[in-house]
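Examination of the molecular architecture
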Amino acid sequence: MLWAGGARLGDMDKVCQQHGVACVTGTNPDTGVVGLSTHGGAGYLSRQYGLAADNFVAAEVVTASGAIVHATPANEHKDLLWAVAGGGSNFGVITALTMKAHPMDHVYGGLVINVAPTVAMATRVVRTWRDWMPTQPRTVSVMCVLPCGAPVVPMAVVESDQALVPQAAGAKASLSCSPALQQAFGSGCGAFGACVSVKMLGRKQYHTELQPQLEALQAEGHHYMSSVNVPHLTDTMVDALVAAARIDHPGGGEIILFSLTGAVADAKVESVAYAGAGRGKSTVWIVIIGSWKPDADGANRAKTKAWVQRVKEEMKALGGAESAHPLEGNMDADQGGLVQQVWSSNELRLREIKAKYDPDNFFKCNRNIKPTAAAYPVHS
């Protein structure tokens, strides 16, 4: 399906629902399709179908010269399509993306609030989730959240197997429709080691009920965000993240843990520009969000930004890598020195493609890939 440059995820959901399909996308209907997708793009369907960037079919790009280029896997601009699938805005203004669409209607899922009042219990919940998630069927996705200062570990849960979840109009479904979710959340005790779990689960229409479920929690406000990919979420990393959210936090925000396993890990690092900490079998994408209320001297913003950056740098020091997602946007002018971390072994090819389509580095307000002379031939 083709998406214009200004489309948002909510627009995508409305159109896809009419055709009984879904494209891999994020979890906030207000997010732009192109911006998210060209930096990787992960959501509820990623373990099943890969990243948004893994699902590109074609792209229309206006280059720095003003040329309108249509890139497909089969034409002379196939290198450009490869590059924008993770290389972001480095190569031009992307005015349209064509993406694969997958059958999708009703799913089973919702929110689970795991009550974990102590640091030790929250740590156990996260570690148990970490070990459980990569072993589950690819149609199962459970996103783990550490909200600042709250005694809970919420999870966004979905089973998207269309054969397991009843699809007929008016059909009923229970937790037992998904053996994996039944195992995790079906007991009377708390899930993953929590003392109790409040389960708000049910059969949901994917586009109108599941996709917007976090919208109220992602309201407009003052936020500073960043992210990092870790090839494996170690015990030390979990300890540090829980401490950051429970003990040393700025007052508002959360840390979101997203498992980039299943189909995401299947793709070879060189398949598209997105490298993602090596596409390992237990990679976790960590999104760090700080929120603040404006004050006269900007102290709240400074405190929040410092917290986000400290948590990110701590994860990098423990083995994490920069993410292609520039969640800081243009709030920070200097994002240099990141290219090799973000794109790993794909860096040289990206720089050569940059030299072909943007030799003067006109598009540089981003995780910037600087053009260079050809290091080796462009290949498919």
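Refer to the structure printed above.
Below is a short write-up of the structure. Keep in mind that this is a model prediction, so the values were computed, not measured.

1. Remarks on the side chain of N229
The residue N229 is located in strand 11 (residues 223-230) in this model. Discounting residues that sit within four places of it in the chain, N229 has contacts with L260, Y274, G276, A277, V284, W285, G320, A321, E322 and S323.

2. Thoughts on the layout of surface pockets
Leftover empty space is mapped by rolling, across the atoms, a probe with the size of a water molecule. One number sums up the size of the largest pocket: a volume of about 1,200 Å³. N28, T31, Q218, M225 and I289 are the residues nearest the centre of the largest pocket, which is lined by 40 residues in total. Looking at the lining of the largest pocket, its residues break down into 22 nonpolar, 15 polar and 3 charged.

3. A word on helix 4 (residues 78-87)
Summarising burial for helix 4: 9 of the 10 residues are buried, a large majority. Along its buried surface, helix 4 packs onto strand 3 (56-62), strand 4 (68-71), strand 5 (93-99), helix 11 (339-343) and helix 12 (347-357). G88 sits one or two residues past helix 4 and shows a positive phi near 65 degrees.

4. Brief notes about the environment of G40
Here G40 shows up in the loop between helix 2 (33-37) and helix 3 (46-49). When its relative accessible area of 0% is taken as the criterion, G40 is described as buried. In contact with G40, other than residues within four places in its own chain, are L51, A52, A53, G86, Y274 and H325.

5. Quick look at empty space enclosed by the protein
All chains considered together, the criterion is met by 1 cavity of 30 Å³ or more. As for the largest cavity, its lining consists of W129, R130, M133, P134, S259, T261, S282, T283 and V284. Among the residues making up the lining of the largest cavity, the classes are represented as 4 nonpolar, 4 polar and 1 charged.

6. Focus: the packing of aromatic side chains
Here a ring pair, both rings aromatic, is described through the centre-centre distance and the interplanar angle of the planes. According to the stated counting rule, one finds 4 aromatic pairs in the structure shown. Taken together, a centroid distance of 5.2 Å and an interplanar angle of 70 degrees make the contact between W132 and F192 edge-to-face. Taken as a pair, W132 in helix 5 (residues 119-132) and F192 in the loop between helix 6 (179-185) and strand 10 (196-205) lie far apart in primary sequence, 60 residues in all. Geometrically, the ring pair formed by F362 and F363 is edge-to-face, given 5.1 Å between the ring centres and 90 degrees between the ring planes. Members of the aromatic cluster, joined through ring pairs, are W132, F185 and F192. The positively charged end of R349 is found above the aromatic ring belonging to W82, 3.8 Å away from the centroid.

Reading guide: rules and limits
- Each chain has its residues counted from 1, running along the sequence as written.
- Residue-level local features of this predicted model are given only where pLDDT is at least 70; pairs of side-chain atoms are given and counted only at 80 or more, and the full residue set underlies all totals for whole chains, interfaces and linings.
- To get the side-chain values, all heavy atoms of the structure are used, and hydrogens and water are removed first.
- Secondary structure elements are taken from DSSP: a helix is a run of H or I of four residues or more, a strand is a run of E of two residues or more, and numbering for both begins at the N terminus.
- In what follows, residue pairs with any heavy atoms lying within 4.5 Å of each other are defined as contacts.
- In this analysis, the protein atoms alone were mapped onto a 1 Å grid. Cavities are point sets where a 1.4 Å probe fits without being able to get out; pockets are open sets with protein on both sides within 12 Å along at least five of seven lines; lining residues have an atom within 4 Å of a point.
- Grid points are joined across faces, edges and corners, and a volume is the space filled by probe spheres set on the points.
- Residues are grouped as follows: Ala, Val, Leu, Ile, Met, Phe, Trp, Tyr, Cys and Pro are nonpolar; Asp, Glu, Lys and Arg are charged; all remaining types, including Gly, are polar.
- For every residue, the accessible area (1.4 Å probe, protein chains only) is compared with the maximum for its type, and the residue is labelled buried under 20%, exposed over 50%, or partly exposed between those bounds.
- When the centres of two rings from Phe, Tyr and Trp lie within 6.5 Å, Trp using its six-membered ring, the rings pair. Their planes under 30 degrees apart give stacked, over 60 give edge-to-face, and anything left gives tilted.
- Both a distance and an angle decide whether a charge sits over a ring: NZ of Lys or CZ of Arg must be within 6 Å of the ring centre and within 35 degrees of the ring normal.

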